[in-house]
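# Report on the structure
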Amino acid sequence: MLEIKQLHKSYPIGDSRLHVLKGINLSVKEGEMVAIMGSSGSGKSTLLNIIGMLDHADSGDYILDGLPIKNLNEKKAAEYRNKFLGFIFQSFNLINYKNALENVALPLYYQGMKRKERQELAMFHLEKVGLADWAHHLPKELSGGQNQRVAIARALAANPKLLLADEPTGALDMTTSYEIMEFIQQLNDEGKTILMVTHEEDIANMCKRIIRLRDGVIMEDTAIKQVRAKQHV
Amino acid sequence: MFDLDLWREIFQSINKNRTRGLLSGFTVAFAIMLFTILFGIANGLENTFDELFIKTADNAIYVYSGRTSKPYKGLQVGRAVSLYNEDFEYIKNEYSNKIEYITPKLSRNFQVSFINKKGSYNVLGVHPDAQHIEKLKIKKGRFINLNDIKSHLKVIVIGRLIEEDLFGKTSAIGQYVNLEGINYKVVGVFKDNGGDSQERLAYLPITTVQHIYIGKDAVGEINITYNRKMSSDEALTFGTDLTQTLRQRKNVAPTDQRAIRVNNMALQTKGIETMTGGLGILIFIIGLGTLIAGIVGISNIMIFIVKERTKEIGIRKALGATPKSIVSIILIESVLITALAGYIGLLIGVGVLKWVGPSLKEYYITNPEVHFNIIITATIVLIAAGTLAGFVPAQKASRIKPIIALRND
């Protein structure tokens, strides 16, 4: 599903460069649910951004579902992001003047889907996250947990191969966090491959595999026994 | 290609961000409104000048004669100097390439009567060229022609109001009017925008007047319009040259201002040309300044808009928006607002001109209007400027890296 070899990335800081990723090797199979952990500055977000094609690696290989991701121009990257990836962010990143339904339908708009079709599909996904009744509400009229569920519906709308979550529960209280995690686990049960950056141990333990980064290298990569979020709710 | 969804996106964005739209729209509307009003006032001033000169041609030169005020070559002061047909012919031939139209003119007041109606009118003996110098418009019939001159025909061309006075609603053409005992056939009726007094004049062949009433071939004055190809400076030189030639010809002292007088409109024309020229430059600078201010305003707002929408753009890009779609969504919104606001500003400007226009007459501003072409040009310039001003920020926006835009604040 996902194959990364000798990935390097550095950022310029003044005259020198900050080496953030120092040769990452990573392989993720279909249906996995991986937590990427590390202290801030360990490179976990940079890694996720590169996987999400929001940033370029300096060197190394990145193959997604047999497709080498290299030297993409902006247009191609946009197309791949739209087709292959779904994003879930800590701060939800919904467009504030669009209602829930329109937010969920946005990736479908960029796929070129017809208006009626994409509204039906967006509604289907909203139903799936249990927010059908809230379809015409603006983000500011929804709670944090509801917003994150809208964001998840949006990430799912384009039926991506890979879900990328950047601290998905970072802005939520514990109960809501577990609700969201329960939902993400459910998606994983249905076969979605999920990659998640987090710094909370309990959230990481709800994944099936934990990768720990430190100073741009993988320190530890272990498969764990998944803790079901449902037990906590 | 008409992309309904793209427009839907844009209209939603405008509708949901009204403050932003109003802000940028206001700048554009204000710029166009100022531009419209300024150009309107400039046009009003120009109209005033045009109106001042509508009575006669602005390239006219009038030659008069009078009594000498200085002794010259043994001739005494107070001698009457007259212009004759031969002087007229001389000027006509000598300066043929500098003259557009030329006519001698003899004027007298006559009792003009038709059946039992009569009135006192100023009647002018002229050559056919007078029609063009006086800017007469033939309403019906014809003006004096060369055959009338040659054969001393008793024909008359009357003003529209004389026809009204004497003939009421019936046509004067072909009828005979009586000028102190002599019948003249009416061959034409003319209109003149110079006002009522100009339409209560009548024209006769000058030779007829000379033959019947004077008994010699004296002409009262000579009216000329100079060739428009000449600059006003050349026309002034021509006037001075003509004056000196005539003074010499009539044995008048070269400095005698009374015996031969030449009134050259080129002097006024030149003054007005300088003034309108200066005014034009001023208006141009002000107009340009207004437009530049508008452009700078739009640029600023566009930069602000892109900054404000950074996060949204980042989200859109993460969801698969191509750089092109980002550029078009921002550009079209800017152009749309610019065009709409420009139109509103235009309407307000035209409205203001219509409203205060009539009361500006006393400030030498007549009918302040803006030519449609100028407005269209200005709007197109503004839209182009808006596009240009919006393009750089939009391009920048399309290059925003989603990670930077989406960074948690």
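The model shown is predicted, which means the values in this text are computed figures rather than measured ones.

About the cut-offs
- Residues numbered from 1 in each chain as written.
- Chains lettered and ligands numbered in written order.
- Predicted model: local features only at pLDDT ≥ 70, side-chain atom pairs only at ≥ 80, totals over all residues.
- Heavy atoms only, no water.
- Core = buried A, V, L, I, M, F, W, Y, C linked by side-chain atoms within 4.5 Å.
- Buried < 20%, exposed > 50% of the residue type's maximum accessible area, 1.4 Å probe, protein only.
- Contact = heavy atoms within 4.5 Å.
- Salt bridge = Lys/Arg side-chain N within 4 Å of Asp/Glu carboxyl O.
- Polar contact = N/O pair within 3.5 Å; in protein donor to acceptor, adjacent residues only side chain to side chain.
- Helix = DSSP H or I, 4+ residues; strand = E, 2+ residues; numbered from the N terminus.
- Nonpolar A, V, L, I, M, F, W, Y, C, P; charged D, E, K, R; others polar.
- 1 Å grid on protein atoms, 1.4 Å probe; cavity = no way out; pocket = protein on both sides within 12 Å on 5 of 7 lines; lining within 4 Å.
- Points joined across faces, edges and corners; volume = space filled by probe spheres on them.
- Domains from an automatic or database assignment.
- Expected span 1.5 Å × (residues − 1).
- UniProt positions renumbered as here; feature names shortened; annotations may be inferred.
- Phe/Tyr/Trp six-rings, centres within 6.5 Å; stacked < 30°, edge-to-face > 60°.
- Patch = residues over 30% accessible without salt bridge, like charges linked within 9 Å, V, L, I, M, F, W, Y side chains within 5 Å.
- Areas by Shrake-Rupley, 256 points an atom, 1.4 Å probe, with all protein chains shown as cover.
- Pairing = 2+ DSSP bridges.
- Axes fitted to C-alpha atoms, helices over the stretch in contact; angles between N-to-C directions.

Before going further, it helps to examine the nonpolar core. Within the largest apolar cluster, 78 residues are counted, with the highest numbers of intra-cluster contacts made by A:Leu2, A:Ile4, A:Leu26, A:Leu47, A:Ile51, A:Leu64 and B:Ile330. Excluding its chain neighbours within four sequence positions, the residues that come into contact with A:Ile4 are A:Ile24, A:Asn25, A:Leu26, A:Leu47, A:Ile51, A:Asp61 and A:Tyr62.

On to the interface of chain B and chain A, then. With 28 residues of chain B at the contact, the number on the chain A side is 26 residues. Counting the contacts that link chain B with chain A gives two salt bridges. Between A:Lys98 and B:Glu9 there is a salt bridge, with the nearest N and O atoms lying 2.8 Å from each other. At the boundary of chain B with chain A, the tally comes to 10 residue pairs in polar contact (both at pLDDT 80 or more). Broken down by secondary-structure element, the contributors of at least two residues to the side of chain B that touches chain A are helix H1 (4-16), helix H10 (310-318), helix H11 (323-356) and helix H13 (402-406) of chain B. Broken down by class, the residue content of the side of chain B that touches chain A amounts to nine nonpolar, eight polar and 11 charged.

Moving on, we get to the layout of surface pockets. Of the voids in this model, the largest pocket is the one considered here, and its volume is about 610 Å³. In this structure, the largest pocket is lined by 20 residues; those nearest its centre are A:Tyr109, A:Tyr110, B:Asp3, B:Thr322 and B:Ser325. Looking at the lining of the largest pocket, the elements with two or more residues in it are helix H2 (74-84) and helix H3 (100-111) of chain A together with H1 and H11 of chain B. Grouping the amino acids of the lining of the largest pocket by side-chain chemistry returns six nonpolar, seven polar and seven charged.

Our focus in this paragraph is unusual backbone geometry. Of note in this structure, A:Asp65 is not a glycine but carries a positive phi near 55 degrees. With respect to the secondary-structure elements, A:Asp65 resides in the loop between strand S4 (59-64) and strand S5 (67-68). Of note, the phi angle at B:His152 is positive, near 50 degrees, even though the residue is not glycine. Structurally, the position occupied by B:His152 is in the loop between helix H5 (146-151) and strand S6 (155-159).

Okay, empty space enclosed by the protein next. Scanning the entire structure with this criterion turns up two cavities of 30 Å³ or more. Approximately 100 Å³ is the volume attributed to the largest cavity. Lining the largest cavity, in full, are B:Ser24, B:Val28, B:Ile298, B:Ile301, B:Met302, B:Ile305, B:Ile330, B:Glu333, B:Ser334, B:Ile337 and B:Thr338. Here the lining of the largest cavity gets five residues from one element, more than from any other, and that element is H11(B). Class assignment for the residues of the lining of the largest cavity results in seven nonpolar, three polar and one charged. What lines the second largest cavity is A:Arg81, A:Asn82, A:Leu85, A:Gly86, A:Phe87, A:Pro107, A:Arg154, A:Ala155, A:Ala158, B:Ala318 and B:Leu319.

This paragraph deals with the domain arrangement of chain B. Its domain assignment divides chain B into domain 1 (4-52 + 272-406) and domain 2 (83-219). Between the C-alpha centres of domain 1 of chain B and domain 2 of chain B there is a distance of 56 Å.

With 14 residues, helix H5 (residues 144-157) of chain A extends 20 Å between its outermost C-alpha atoms, agreeing within 8% with the 20 Å of an ideal straight helix rising 1.5 Å per residue. Where H5(A) is concerned, the buried positions are A:Gly145, A:Gln146, A:Asn147, A:Gln148, A:Val150, A:Ala151, A:Ile152, A:Ala153, A:Arg154, A:Ala155, A:Leu156 and A:Ala157. On the buried face of H5(A), the contacting elements are strand S6 (85-89), H3, helix H4 (115-128), strand S7 (162-166) and helix H6 (174-189) of chain A together with H10 of chain B.

Let us now look at the UniProt feature "transmembrane region" (unreviewed entry) in chain B. Residues and elements named next belong to chain B. UniProt's feature table lists "transmembrane region" (unreviewed entry) at residues 21-42, 279-306, 326-350 and 370-392, given in the numbering used throughout. A distance of 40 Å separates the end C-alpha atoms of residues 279-306, which is 100% helix and 0% strand. Counted over residues 370-392, helix gives 91% and strand 0%. Its end C-alpha atoms are 32 Å apart.

In this section: the packing of aromatic side chains. All names here are of chain B. Counting across every chain of the model gives 12 aromatic pairs over all chains. Ring centres of Phe35 and Phe39 lie 4.7 Å apart, and the angle between their planes is 35 degrees; on these two criteria the pair is classed as tilted. In this pair, Phe35 and Phe39 are both assigned in helix H2 (residues 18-52), four residues apart and thus about one turn of the helix distant. A relative accessible area of 7% places Phe35 in the buried class. For Phe39, a relative accessible area of 17% corresponds to the buried category.

Taken together, B:Ile281, B:Phe284, B:Ile285, B:Leu288, B:Ile292 and B:Val296 make up a surface patch of nonpolar side chains, about 580 Å² in accessible area. Among the secondary structure elements, B:Val296 is positioned in helix H9 (residues 265-308).

The subject of this paragraph is the sheet that holds strand S2 (residues 16-28) of chain A. Residue and element names in this part refer to chain A. With antiparallel pairing, four strands are arranged side by side in an open sheet as S2-S1-S4-S5. This sheet does not close on itself; its edge strands, each paired only once, are S2 and S5. Relative to S2, strand S1 (residues 2-13) is paired through 10 bridges, and the arrangement is antiparallel. Within S2, the residue paired with Lys9 across the bridge is Leu21. Across the sheet, helix H1 (residues 44-51) lies against S1, S2 and S4, angled at about 120 degrees from S1, the strand it touches most.

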